[in-house]
Amino acid sequence: MLSCTTNSAPSSRRAARVLRGAAVALTVPLLLVACSSNDKAETKAADSVTIKDQWVKAADGDMSAAFGELSNAGDKARTVVSASSPASSRVELHEVVADASGTKTMRPKAGGFVIPAHGKAELRPGGDHIMFMGLTGPLRTGAETPVTLTFDDGSTTTFTAQVRDFSGNQENYAPDHASGAQAPAHGG
């Protein structure tokens, strides 16, 4: 009688390797699906908002203002909540409103500047603007100054604005009484 012994150990190991490989091949796509989300990553406000036609009013000292057109390319409204610039010791977001007699008053804008989804917000003389209070030096025509905007999600963006001559609108100033800020009328 001829006895034939087979060594099943190498075949078993080979089969186990094939099964492990198949298990890994099936598991990887499941892990990728499990780790992905249907929710798109939240875009920061600073990534969806741009500014164009930006400029700052020339001034020898005290106060000035910055203007431009903010555009929001995103699907969500964005809000500028504050601004800063090395050109000024204090920067505020302002609006100009008219009372019943038509007298225009400039005041801090509660809530900041809202830029609608796929929309624009205009910063202009006689309207919403970025107010520089306590200039650190003269702003001369043709010079440039950086301005940093902070959004309600904490993101920031910085733009450079050219200094231009502008005789300006003359409004009264209604300070933010909560901060106790006081300042005279300005030409923004």
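Counting from 1, residues in each chain are numbered in the order their sequence is written. This being a predicted model, a pLDDT of at least 70 is required before a residue's local features are given, and a value of 80 or more before pairs of side-chain atoms are given or counted; all residues contribute to the totals for chains, interfaces and linings. Working from all heavy atoms in the structure, the side-chain values ignore hydrogens and water.

A. Quick peek at unusual backbone geometry. A positive phi angle, near 70 degrees, is found at Asp 62, a position not held by glycine. Tracing the backbone shows Asp 62 in the loop between strand S1 (49-57) and strand S2 (63-72). Although it is not a glycine, His 118 adopts a positive phi angle of roughly 55 degrees. Secondary structure elements are taken from DSSP: a helix is a run of H or I of four residues or more, a strand is a run of E of two residues or more, and numbering for both begins at the N terminus. With respect to the element layout, His 118 can be found in the loop between strand S6 (113-115) and strand S7 (120-123). The buried label applies to any residue whose accessible area, calculated with a 1.4 Å probe on protein chains only, is under 20% of its type's maximum; exposed applies above 50%, and partly exposed to all values in between. Judged by relative accessible area, which is 56%, His 118 ranks as exposed.

B. Expanded view of the pairing of S2. Across the 10 residues of S2, nine count as buried, placing the element largely inside the fold. Two strands pair if DSSP finds at least two bridges between them. Counted between consecutive antiparallel strands, the loop separating S1 from S2 contains five residues, among which Asp 62 sits at a positive phi close to 70 degrees. Across four bridges, S2 lies against strand S8 (residues 129-135) in antiparallel orientation. Each bridged residue has a counterpart across the sheet, and for Ala 66 the counterpart in S8 is Ile 130. Inspection of the sheet shows S2 paired to S7 by four bridges, in the antiparallel sense. Among the inter-strand pairings, Ser 71 is bridged to a residue of S7, identified as Lys 120.

C. Structural detail: the side chain of His 94. With respect to the element layout, His 94 can be found in strand S4 (residues 88-98). Each polar contact in these results corresponds to two N or O atoms within 3.5 Å; when the atoms are within protein, one needs to be able to donate a hydrogen and the other to accept it, and residues that are neighboring in sequence are counted only if both atoms are side-chain atoms. Only 2.6 Å separates the side chain of His 94 from the side chain of Glu 92, close enough to count as a polar contact.

D. Geometry of the packing of aromatic side chains. Two rings from Phe, Tyr or Trp (for Trp, the six-membered ring) form a pair when their centres are within 6.5 Å of each other. A pair whose planes differ by under 30 degrees is stacked, one over 60 is edge-to-face, and the rest are tilted. Counting across every chain of the model gives two aromatic pairs. Aromatic pair Trp 55 and Phe 67: ring centres 4.6 Å apart, planes at 40 degrees, arrangement tilted. Separated by 12 residues along the polypeptide, Trp 55 in strand S1 and Phe 67 in strand S2 bring together distant segments of the chain. As far as the burial class goes, Trp 55 and Phe 67 line up, both buried. Pairing Trp 55 with Phe 166 gives two aromatic rings, centres 5.5 Å apart and planes at 65 degrees, and the pair type is edge-to-face. Separated by 111 residues along the polypeptide, Trp 55 in strand S1 and Phe 166 in the loop between strand S10 (156-164) and strand S11 (172-173) bring together distant segments of the chain. The exposure class assigned to Trp 55 is buried, which follows from its relative accessible area of 12%. The class for Phe 166 is partly exposed, based on a relative accessible area of 31%. Put simply, the rings of Trp 55, Phe 67 and Phe 166 pair up and form one aromatic cluster.

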